[in-house]
Amino acid sequence: MRSDLEKILCLERVSYNYLDTICALSDIDLDIGVGERFAIIGANGTGKTTLLQMMNGLIYPSSGRLFFKGHPISKQTLKDKGFLRFFRERVGFVFQDSDVQLFCPTVLDELLYGPLQLDINEREALDRAFEVMEMLRLENVKDRPSYMLSGGEKKKVAIGSVLTMNPEVLLFDEPTNGLDPKTQCFLVELMFALNEAGKTLVVATHDLSLVDELQAKVAVLSEEHRIEKTGGASEILEDEDLLLSVNLIHEHIHRHGEIAHKHIHSHYLFHRHKE
């Protein structure tokens, strides 16, 4: 993984407590480079979603500092309308649950909403919407409401509603959850295409096969809500002791009479092919 990338997101000793008492993140240091594929992995409840929400300026650190392109992201800085627009144009968030993200009458309206909120003229907004619909193969559902869409179609619309704003950074929260294999494959191919077009991708997931496919740089969150380790995908995924310690894989014990057999259980590891 290149070490000379210009930083686009930087977190310095960031912690976050819900209700000022419940720890969600503790002392997080993280640098994400321009154009990088970056994965944040950890078991459920380790703070992955909280970390993405913070990167998107939806919540703010209890302590520590967060920067986007060298600019501090805080409740105070995002009160400035000029900076708020600068930030919202450049960072997009795809929620884990598409139903949380979709609220407009039709698919076309969903794709138009973001650009129009950014005061992009209607003609350009329509051009963007139809270009994104073609890319995501959504033309045939453009007039449907979201409740008439399949889970895979909803995910595509949620992604499309972000892409029409043409952000530099895309934050994906558990993007493969609930998707069929064909849609998962389409999503991975789309992520590569977006990254090749210069987008920075940050993916929060416990899907180790997705991390392997993306060959992302990886930060591992522990159940103590800290970063346990960072490294390349291969280095992290081959470290079975690490993955066991953060509860991303587990051991099964089978007994045959007096003999006990242990083996690692993980969808990713089960399907891994050794060289």
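Structure: see above.
Residues numbered from 1 in each chain as written. Predicted model: local features only at pLDDT ≥ 70, side-chain atom pairs only at ≥ 80, totals over all residues. Heavy atoms only, no water.

Trainee: Looking at this structure, I do not really get the sheet that holds strand S1 (residues 7-18). What am I missing?
Mentor: The pairing of strands in a sheet happens through backbone hydrogen bonds and is either parallel or antiparallel. Taken together, the four strands give an open sheet; going across it, the order is S2-S1-S4-S5, and neighbouring strands pair in antiparallel fashion. A single partner strand is all that each edge strand has here, and the edge strands are strand S2 (22-33) and strand S5 (71-72). Here strand S4 (residues 63-68) pairs with S5 via two bridges, running antiparallel. Paired with Phe 68 across the two strands is His 71, which belongs to S5. (Pairing = 2+ DSSP bridges. Helix = DSSP H or I, 4+ residues; strand = E, 2+ residues; numbered from the N terminus.)

Trainee: When you look at the pairing of strand S7 (residues 169-173) in this model, what are you seeing that I'm missing?
Mentor: Residues in a regular strand project their side chains so that they alternate between the two faces of the sheet. Burial analysis of S7 places five of its five residues in the buried class, the great majority of the element. Across four bridges, the pairing between strand S6 (residues 91-94) and S7 is parallel. Within the sheet, the bridge partner assigned to Val 91 lies in S7 and is Val 169. As judged from the five bridges shared by S7 and strand S8 (residues 200-205), these two strands associate in the parallel manner. The residue bridging Phe 172 from the neighbouring strand is Val 203, located in S8. (Buried < 20%, exposed > 50% of the residue type's maximum accessible area, 1.4 Å probe, protein only.)

Trainee: Any chance you could explain unusual backbone geometry here in plain terms?
Mentor: With glycine set apart, most residues show a phi of negative sign, and most peptide bonds adopt trans. Positive phi, normally seen in glycine, also occurs at Arg 137, with a value near 60 degrees. Tracing the chain through its elements places Arg 137 in the loop between helix H5 (122-136) and helix H6 (151-163).

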